[in-house]
Amino acid sequence: MRIEQDFSLLKYNTFGMKTVARRFVEYSSTAELQQFLRSCSTDEQVFQIGGGSNLLFIHPLFEGTILHSAIKGIEVMDEDEESICLKVGAGVVWDEFVAHVVARGWGGAENLSLIPGEVGASAIQNIGAYGVEAKDIISNVYTIDRNNYSVRVFENSDCNYGYRSSIFKNSLKDQYIVTHVSYRLRKHPKLNLSYGNISAAFGEDEEITLQKVRDHIIRIREQKLPDPKVLGNAGSYFMNPVVSTALFESLKRDYHDIPSYPAEDGIKIPAAWLIQQTGWKGKSLGKAAVYEKQPLVLVNTGDAEAIDVIHLADAVIFAVEEKFSIRLKPEVIYV
Ligand SMILES: Cc1cc2nc3c(=O)[nH]c(=O)nc-3n(C[C@H](O)[C@H](O)[C@H](O)COP(=O)(O)OP(=O)(O)OC[C@H]3O[C@@H](n4cnc5c(N)ncnc54)[C@H](O)[C@@H]3O)c2cc1C
């Protein structure tokens, strides 16, 4: 177990905040995690992070312990003619897992290529891109209960997965730490090329492989999204709002080209479009800016503090609400 005092989290958050944690603990096994949790006093603030790619540390000092998983490994659980089930350590970098399965011809994760972060968070966040979500391949989520230190294994159906949401973000928030996730992948892949017109990138008679899909998605993402190593950010800052049919119909009268997608409980409108209409795209406030190529992303233009980012986010939320009567909710988690 690695234990550090007054530890800089600069390399552990893609927004590039210079927060220092009073204590940083990195464990390499389930047993080490249980041992650490047993030793903690009940009033100590303990927060588990992954790669810090969806977080905004709001204070320069975190007065507590930041936990990080170094549980690695990809293990075959079972396989048959059709599929293979892999149990993966929460500390494995998500995109390394995707590269691993794509290289072996196992399908299901390829559309989620290049999403930053680690395997543990994929099961908390239900990460998604290009028409696929982690829930489509997650089999089980292996956890430790923070209250009694016991192991609990969740089935996919126990996790209440929805758009960027799970039971771990709602009724069981901060109660379980993910140690491993198992994913079931197809040995005879069914490609999902409908979203964003991925298929248009390939010739009519071309044989489309998992690797080609992965490479194409990596190319698009590199063009569209800022590289956190160059420009700090946490991906989409806001969730895409879901509105009532009545509100959508009234907006459509004024904005004929408003894009929309059907959602379970209403109509989803891309937050990027709403922000673009307010004129905030590419604009900055203090040391934070709305990214010029994708207005859903807020960026640290250099040495920004969390307050710069929050002021900008508030200004964008205000502008969208004033124009459309829709209140955007941050997807980024404030710590
Ligand atoms: C450039 C960029 C592009 C992005 N694109 C996408 C995208 O296309 N789709 C998408 O869905 N997301 C995207 N994201 C957001 C981000 O990559 C995901 O939310 C990712 O799952 C976060 O993983 P992480 O390991 O960095 O988790 P963190 O940001 O460190 O943590 C996120 C949450 O998970 C919890 N957590 C992390 N690990 C564990 C664990 N082991 N046990 C319990 N809780 C845990 C944390 O407490 C926190 O609540 C993007 C981010 C960036 C910077």
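Note that the coordinates shown come from a computational prediction; the quantities given were computed from them, not determined experimentally.

Engineer: Quick question: what am I supposed to make of the site of the ligand here?
Structural biologist: The environment of the ligand is formed by 30 residues, the closest being Gln-48, Gly-50, Gly-51, Ser-53 and Gly-128. Residue Ser-53 places a side-chain N or O atom 2.6 Å away from an oxygen atom belonging to the ligand. In the complex, the protein chains occlude 94% of the 970 Å² of accessible area that the ligand would expose alone. Of the residues belonging to the shell around the ligand, the class tally is 15 nonpolar, 12 polar and three charged.

Engineer: Is there a simple way to think about the packing of helix H2 (residues 94–103) against helix H4 (residues 210–224) in this case?
Structural biologist: Two numbers describe a pair of packed helices, the interaxial angle and the distance between the axes. Direction vectors running N to C along H2 and H4 enclose 150°, while the axes themselves pass 9 Å from each other. Overall, the two elements H2 and H4 adopt an arrangement that is roughly antiparallel. Crossing of H2 against H4: the hand is left-handed. Across the interface between the two elements, Asp-95, Val-98, Ala-99, Val-102 and Ala-103 from H2 touch Leu-210, Gln-211 and Arg-214 from H4. Looking at the contact of H2 with H4 residue by residue, the classes come out as five nonpolar, one polar and two charged.

Engineer: Honestly, the sheet that holds strand S18 (residues 288–290) in this entry has me stumped. Any pointers?
Structural biologist: In sheet architecture, strand pairing relies on hydrogen bonds along the backbone and comes in two forms, parallel and antiparallel. Read from one edge of the open sheet, four strands run S13-S19-S18-S17, paired in antiparallel fashion. The sheet terminates laterally at strand S13 (232–236) and strand S17 (284–285), the two strands that pair on one side only. Here S18 pairs with strand S19 (residues 297–300) via three bridges, running antiparallel. Across the sheet, Val-290 pairs through a bridge with Leu-298, a residue of S19.

Engineer: Please clarify how H4 should be interpreted in this entry.
Structural biologist: Along an α-helix, a turn takes 3.6 residues, which lines up residues three or four apart on a common side. Taking 1.5 Å of rise per residue, 15 residues should cover 21 Å, and H4 covers 21 Å from first to last C-alpha, within 8% of that figure. The complete set of buried residues in H4 reads Leu-210, Val-213, Arg-214, His-216, Ile-217, Ile-218, Ile-220 and Arg-221. For H4, the secondary structure elements touched by its buried residues are H2 and strand S8 (128–129).

Engineer: Can you help me understand the pattern of salt bridges in this one?
Structural biologist: Opposite charge on two side chains allows them to pair when their charged atoms are near. Tallied over the entire structure, the rule returns 14 salt bridges. Among the salt bridges present, the one from Asp-6 reaches Arg-22, with a minimum N-O distance of 3.0 Å. You can see Asp-6 sitting in strand S1 (residues 2–8) and its partner Arg-22 sitting in strand S2 (residues 20–27), a full 16 residues away along the chain. Arg-22 gets classed as partly exposed once you look at its relative accessible area, which sits at 35%.

Engineer: Whenever I open this one, the sheet that holds S1 confuses me. Can you help?
Structural biologist: In spatial order, the strands read S1-S2-S5-S3; together these four strands make up an open sheet with mixed pairing. Edge strands, defined here as strands with exactly one partner in the open sheet, are S1 and strand S3 (46–49). Within this sheet the neighbouring strands show an average axis-to-axis angle of 30°, counted without direction. Pairing analysis gives four bridges linking S3 to strand S5 (residues 61–69), with the strands arranged parallel. Looking at S5, one finds that Val-46 is bridged to Thr-65. Together, S2, S3 and S5 form the strand contacts of helix H1 (residues 30–39), whose direction differs from that of S2 by roughly 140°.

Engineer: Would you mind showing me how to read the environment of Leu-112 here?
Structural biologist: Inspection of the secondary structure puts Leu-112 in the loop between H2 and helix H3 (119–125). Using a relative accessible area of 0% as the deciding quantity, one classes Leu-112 as buried. Sequence spacing of Leu-112 and Ile-217 is 105 residues, and the spatial spacing of their C-alpha atoms is 8.3 Å. Among residues more than four places away in sequence, those in contact with Leu-112 are Trp-94, Val-98, Ile-127, Gly-128, Ala-129, Val-132, Glu-133 and Ala-134.

Engineer: For this particular structure, what's the right way to read the side chain of Arg-214?
Structural biologist: Inspection of the secondary structure puts Arg-214 in helix H4. Its relative accessible area of 8% is what places Arg-214 among the buried residues. With sequence-adjacent residues up to four places away left out, Arg-214 is seen in contact with Asp-95, Val-98, Ala-99, Val-102, Glu-110, Ser-113 and Leu-114.

Engineer: Would you explain the domain arrangement of the protein in this entry?
Structural biologist: We note that the domain assignment places domain 1 (2–69), domain 2 (74–224) and domain 3 (232–334) within the protein. Averaged C-alpha coordinates put domain 2 and domain 3 at centres separated by 26 Å. Across the boundary between the two partners, domain 2 contributes five residues, which contact eight residues of domain 3. Of all residues in domain 2, Tyr-163, Arg-164 and Lys-224 bury the most surface against domain 3, accounting for 69% of the area lost on that side.

Definitions and cut-offs
- Residues numbered from 1 in each chain as written.
- Predicted model: local features only at pLDDT ≥ 70, side-chain atom pairs only at ≥ 80, totals over all residues.
- Heavy atoms only, no water.
- Near = heavy atom within 4 Å.
- Polar contact = N/O pair within 3.5 Å; in protein donor to acceptor, adjacent residues only side chain to side chain.
- Areas by Shrake-Rupley, 256 points an atom, 1.4 Å probe, with all protein chains shown as cover.
- Nonpolar A, V, L, I, M, F, W, Y, C, P; charged D, E, K, R; others polar.
- Axes fitted to C-alpha atoms, helices over the stretch in contact; angles between N-to-C directions.
- Helix = DSSP H or I, 4+ residues; strand = E, 2+ residues; numbered from the N terminus.
- Parallel < 35°, antiparallel > 145°, perpendicular 65-115°, else oblique.
- Left-handed = near helix turned anticlockwise from the far one by under 90°.
- Contact = heavy atoms within 4.5 Å.
- Pairing = 2+ DSSP bridges.
- Expected span 1.5 Å × (residues − 1).
- Buried < 20%, exposed > 50% of the residue type's maximum accessible area, 1.4 Å probe, protein only.
- Salt bridge = Lys/Arg side-chain N within 4 Å of Asp/Glu carboxyl O.
- Domains from an automatic or database assignment.
- Buried area = accessible area lost by both parts, 1.4 Å probe.

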